[in-house]
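Listed below, chain by chain, are the residues.
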Amino acid sequence: AQSVAQPEDQVNVAEGNPLTVKCTYSVSGNPYLFWYVQYPNRGLQFLLKYITGDNLVKGSYGFEAEFNKSQTSFHLKKPSALVSDSALYFCAVRDYRDMRFGAGTRLTVKP
Amino acid sequence: DTAVSQTPKYLVTQMGNDKSIKCEQNLGHDTMYWYKQDSKKFLKIMFSYNNKELIINETVPNRFSPKSPDKAHLNLHINSLELGDSAVYFCASSRSGRGTYEQYFGPGTRLTVT
């Protein structure tokens, strides 16, 4: 079965510092990997995805993610964090049937 | 324009009642989904549905049933509500295919069963 794991429940960074939210995956075959963000009392918003090609994927709001096949990871990154980036972040993997989400990582960016 | 909309946003009801949540998407997608997000924010797929196939997560009680009048709508009907059904329910949609397409989520319906 396909799955993703987010090893950190909480990530705290200072505004202006780089941020990383970690995700590892377990799939059979080619992985289709996604990142979503959820702000309080809102639905999930799509940030970016990796399907194939360049290992560095760029997405919305200045986020990017690096696909690493040897480490089975798909970490979300941003060079300079904003207070407004504070939210819940979900990594996900999908096949043709459904999408499976990680448990989520709460990112807090402090001024 | 709202891409994926859900009604109601909040739903408070008593145990044993039957309720429905409506979902509509105007993205032209042919696959729709229902997710349940529990109090710990864990997301679980309940159903995925397109014109050809309904896929049910085997852990979902049969008190839950999706109903799709057309491609743009997927409603969730819940019979005999229980306290454990309290959660936020999200509708989503996507293009069908090999799994390469992202899903677009509605704003959620917070269901509270008392």
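Quick note: structure is the one above.
Residues numbered from 1 in each chain as written. Chains lettered and ligands numbered in written order. Predicted model: local features only at pLDDT ≥ 70, side-chain atom pairs only at ≥ 80, totals over all residues. Heavy atoms only, no water.

## Overview of the nonpolar core
All names here are of chain A. Note the following rule: Here, nonpolar core refers to any group of buried Ala, Val, Leu, Ile, Met, Phe, Trp, Tyr and Cys residues whose side-chain atoms link them within 4.5 Å. The cut-offs for exposure are 20% and 50% of the maximum accessible area for each residue type, with area from a 1.4 Å probe on protein chains only; residues under the lower value are buried, those over the upper are exposed, and the others partly exposed. Only DSSP runs of H or I with at least four residues qualify as helices, and only runs of E with at least two residues qualify as strands; both kinds are numbered from the N terminus onward. In this description, contact between two residues means that some pair of their heavy atoms is separated by no more than 4.5 Å.
Counting 27 residues, the largest nonpolar core has W35, L47, L48, F74, L76 and Y89 as the members making the most contacts within it. Among the elements of the structure, β2 (10-14), β3 (19-21), β5 (33-38), β6 (44-50), β8 (64-68), β9 (73-78), β10 (87-94) and β12 (105-110) are those that each provide at least two residues to this core. Of the residues forming this core, the biggest block, 4 residues, is contributed by β10. Contact partners of L76, with chain neighbours within four places excluded, come to L19, T20, V21, W35, L47, L48, F63, E64, A65 and Y89.

## A look at the pattern of salt bridges
Once their charged atoms are close, side chains differing in charge can pair, the charge on each being opposite to the other. Quick reminder of the rule: Any Lys or Arg side-chain nitrogen located within 4 Å of an Asp or Glu carboxyl oxygen qualifies as a salt bridge.
In the structure shown here, the tally under the stated rule is 6 salt bridges over all chains. The closest approach of N and O atoms between E64 of chain A and K58 of chain A, which form a salt bridge, is 2.9 Å. Judged by its relative accessible area of 18%, E64 of chain A falls in the buried class. Overall, K58 of chain A belongs to the exposed group, its relative accessible area being 61%. Linking D85 of chain B and R63 of chain B is a salt bridge whose minimum nitrogen-to-oxygen distance equals 2.8 Å. One end of the pair, D85 of chain B, is in the loop between β8 (73-78) and β9 (87-94); the other, R63 of chain B, is in the loop between β6 (54-56) and β7 (64-70), and 22 residues separate them in sequence.

## Remarks on the interface of chain B and chain A
Threshold: Two parts placed together each lose some accessible area under a 1.4 Å probe, and adding up what both lose gives the buried area. Counted as a polar contact is a pair of N or O atoms within 3.5 Å, where, for protein atoms, one must be capable of donating a hydrogen and the other of accepting one, and residues adjacent in sequence contribute only when both atoms are in side chains. For this classification, Asp, Glu, Lys and Arg are treated as charged, while Ala, Val, Leu, Ile, Met, Phe, Trp, Tyr, Cys and Pro are nonpolar and the rest, including Gly, are polar.
Contacts between chain B and chain A engage 23 residues on the former and 22 residues on the latter. Summed over both sides, the interface between chain B and chain A buries roughly 1900 Å², with carbon and sulfur atoms accounting for 53% of that surface. Taken together, the connections running from chain B to chain A amount to 1 salt bridge. For K49 of chain A, the salt bridge is made with E102 of chain B, and the minimal N-O distance between the two is 2.8 Å. At the junction of chain B with chain A, the criterion picks out 5 residue pairs in polar contact (both at pLDDT 80 or more). Those elements that provide at least two residues to the side of chain B that touches chain A are β4 (31-37), β5 (43-50) and β9 of chain B. Across the side of chain B that touches chain A, the residue classes break down as 10 nonpolar, 8 polar and 5 charged.

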